[in-house]
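Here are the chains, one letter per residue:
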Amino acid sequence: MQNISLSELHKQIRMHLECLKVSGIEWLENNSTSLTSAPLIPEQLPLASMAVAQNVVVTSPAPVMPALHSLEKKMLLLQQLKDEVASCVKCSQLAQTRKNTVFGTGKIEPDICFVGEAPGITEDEKGIPFVGEDGLLLDKILKACGLSRDEVYFLNIISCKPPDKRLPLLTEISNCRGFLEKQLALVKPKVICCLGSCAAENLLDTKIPTNKLRGKFYDWKGIQVLCTYHPLYLIRNPEKKKEVWEDMKFLISHLGRSLPTP
Ligand code: SF4
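Thresholds, definitions, all that
Residues numbered from 1 in each chain as written. Predicted model: local features only at pLDDT ≥ 70, side-chain atom pairs only at ≥ 80, totals over all residues. Heavy atoms only, no water. Helix = DSSP H or I, 4+ residues; strand = E, 2+ residues; numbered from the N terminus. Polar contact = N/O pair within 3.5 Å; in protein donor to acceptor, adjacent residues only side chain to side chain. Contact = heavy atoms within 4.5 Å. Expected span 1.5 Å × (residues − 1). Pairing = 2+ DSSP bridges. Axes fitted to C-alpha atoms, helices over the stretch in contact; angles between N-to-C directions.

1. Quick look at the side chain of E172
With respect to the helices and strands, E172 occurs in helix α7 (residues 170-187). Side-chain polar atoms of E172 contact the side chain of R166, separated by 2.7 Å. Each residue touching E172, except ones within four places of it in the same chain, is listed here: C91, Q93, L94, I158 and R166.

2. Things to note about helix α6 (residues 133-144)
Under the 1.5 Å per step criterion, the end-to-end length of α6 is 17 Å for 12 residues, consistent within 8% with the ideal 16 Å. Buried-residue contacts for α6 involve β4 (112-116), α5 (121-126), β5 (153-156), β6 (191-195), α10 (231-236) and α11 (241-254). Phi turns positive, to about 80°, at G146, one or two residues after α6.

3. Structural notes on the sheet that holds strand β3 (residues 105-106)
Within the open sheet, the 6 strands sit side by side as β3-β5-β4-β6-β8-β7. Their pairing is mixed. The sheet is open, and its two borders are formed by β3 and β7 (218-220), each paired with just one other strand. Most of the contacts of helix α8 (residues 197-204) go to β6, to which it runs at about 130°, and overall it touches β4, β6, β7 and β8 (223-228).

Function cannot be inferred from these measures alone, as they are strictly geometric.
In structure tokens:
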């Protein structure tokens with residue numbers, strides 16, 4: 001059996017339980033064993049065996065094994081990638097000045113993944129993307145579309161805050177590209193929504209400005225991409241909100257969803 005540390009074991013058990021939660025299982029009956037004294041669980045055991053190994057009873061409903069297994073594996077791979085990002089020092093200046101790395105967050109296999117530019121001050125402090133004033137505006141846009149934060153995924157082109165509010169450098173974008181691509185491949189959204197020119201230019205490898213990219217879908221490795229303005233740009237240019245709303249209505253309709261009734 002593979003050697004495994006206690007902290008790694010706790011992490012894996014936590015992730016297994018998260019997977020059960022995602023699959024609709026809201027509680028587990030613990031017959032006799034607490035999580036801290038649970039026996040070792042081989043990573044590849046099916047969930048039914050895992051439940052037996054922990055001496056816990058999965059009450060209802062029964063998990064759909066193939067989908068759950070794939071989701072569980074993706075969560076583990078995303079956690080491994082997040083750990084890798086957390087210790088990354090490829091961009092020496094960013095690694096020295098950041099407080100936290102900011103990995104993507106949200107739903108795996110969502111309808112929409114929003115891709116922004118780089119973490120700002122609040123994101124750097126909290127280690128979570130889109131939680132500053134741009135995030136508050138994005139929350140309002142999501143609400144108007146009938147979406148909540150946990151139905152979508154958020155990430156940035158780079159995972160560390162550049163100092164002095166400067167734009168990410170091309171070398172930093174290139175250094176972080178592997179993390180971005182691996183994350184998008186695992187999250188596998190139906191549509192990527194690029195927020196602002198930095199995201200669009202670098203993901204689509206184009207110099208066409210956002211105002212000209214808007215209004216049609218592009219392809220990135222088999223995933224459809226729509227471009228609109230960044231919420232921070234909207235804060236400085238509120239007259240552009242109308243155009244973003246048009247883009248969001250286009251996106252929601254393309255996904256076959258309906259806008260909430262006022
Ligand atoms: S921006 Fe990306 S590549 Fe650069 S140090 Fe941060 S995690 Fe590493």
